[in-house]
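Architecture and fold: a report
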Amino acid sequence: MVAVVCIALLVIIFFLDTFNATVYSVGGNDIRDDTQEAQDIRGLYAGARAGSIVFLVVSLMAALAAGVLLYRGRNSAGEGDGGEDVDFEDLGR
């Protein structure tokens, strides 16, 4: 779930960067200029972008680790019943 939120945040940041660059370009300026204002606009969401990427990588690694643990433990869950066969009538009691 965290990975989905991080991806959504990265998409929102991308659209905000695009919007800011478009608004800045309307006045005849170029976002790739070497001016302080253009640099500030380019770096406006740099922290949020870096944080989202870090959390995305960490959440994907956690999901992968959880998947591996679930895969390894899939057969051990049935060992607690002693191999007893339970039918539908036994479940209804």
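Please refer to the structure placed before this passage.
Residues numbered from 1 in each chain as written. Predicted model: local features only at pLDDT ≥ 70, side-chain atom pairs only at ≥ 80, totals over all residues. Heavy atoms only, no water.

Moving on, we come to the nonpolar core. The biggest cluster of nonpolar side chains holds five residues, and these are Ala 21, Tyr 24, Ile 31, Ala 38 and Ile 41. Elements represented by at least two residues in this core include exactly helix H1 (2–26) and helix H2 (36–42). Setting aside its immediate chain neighbours within four residues, Ile 31 contacts Ala 21, Tyr 24, Ser 25, Ala 38, Ile 41 and Arg 42. (Core = buried A, V, L, I, M, F, W, Y, C linked by side-chain atoms within 4.5 Å. Buried < 20%, exposed > 50% of the residue type's maximum accessible area, 1.4 Å probe, protein only. Helix = DSSP H or I, 4+ residues; strand = E, 2+ residues; numbered from the N terminus. Contact = heavy atoms within 4.5 Å.)

All right, on to the environment of Leu 56 then. Within the fold, Leu 56 resides in helix H3 (residues 46–72). Given the relative accessible area of 15%, Leu 56 is considered buried. Along the primary structure Leu 56 and Ile 13 are separated by 43 residues, whereas in three dimensions their C-alpha atoms are 14 Å apart. Ignoring any residue separated from it by four or fewer positions in sequence, one finds Leu 56 in contact with Ala 3, Cys 6, Ile 7 and Leu 10.

Let's shift gears to H1. Taking 1.5 Å per residue as the helical rise, H1 with its 25 residues ought to reach 36 Å, and the 36 Å between its terminal C-alpha atoms agrees with that figure. Those residues of H1 not exposed but buried are Ala 3, Cys 6, Ile 13, Asn 20, Ala 21 and Tyr 24. Residues of H1 that are buried in the fold lie against H2 and H3. Backbone geometry just after H1 places Gly 28 at a positive phi near 90°. (Expected span 1.5 Å × (residues − 1).)

A few words now on the environment of Val 58. By the secondary structure assignment, Val 58 is in helix H3. Separated by 55 residues in the primary sequence, Val 58 and Ala 3 have C-alpha atoms spaced 8.6 Å apart.

Inspection of every chain in the model, using the stated rule, returns two salt bridges. In this structure, Asp 17 engages Arg 49 in a salt bridge whose closest nitrogen and oxygen atoms are separated by 2.2 Å. With Asp 17 in helix H1 and Arg 49 in helix H3, this pair connects stretches of sequence that are 32 residues apart. Relative accessible area serves as the criterion here: at 26%, Arg 49 is assigned to the partly exposed category. A salt bridge links Asp 30 to Arg 32; the nearest nitrogen and oxygen atoms lie 3.5 Å apart. (Salt bridge = Lys/Arg side-chain N within 4 Å of Asp/Glu carboxyl O.)

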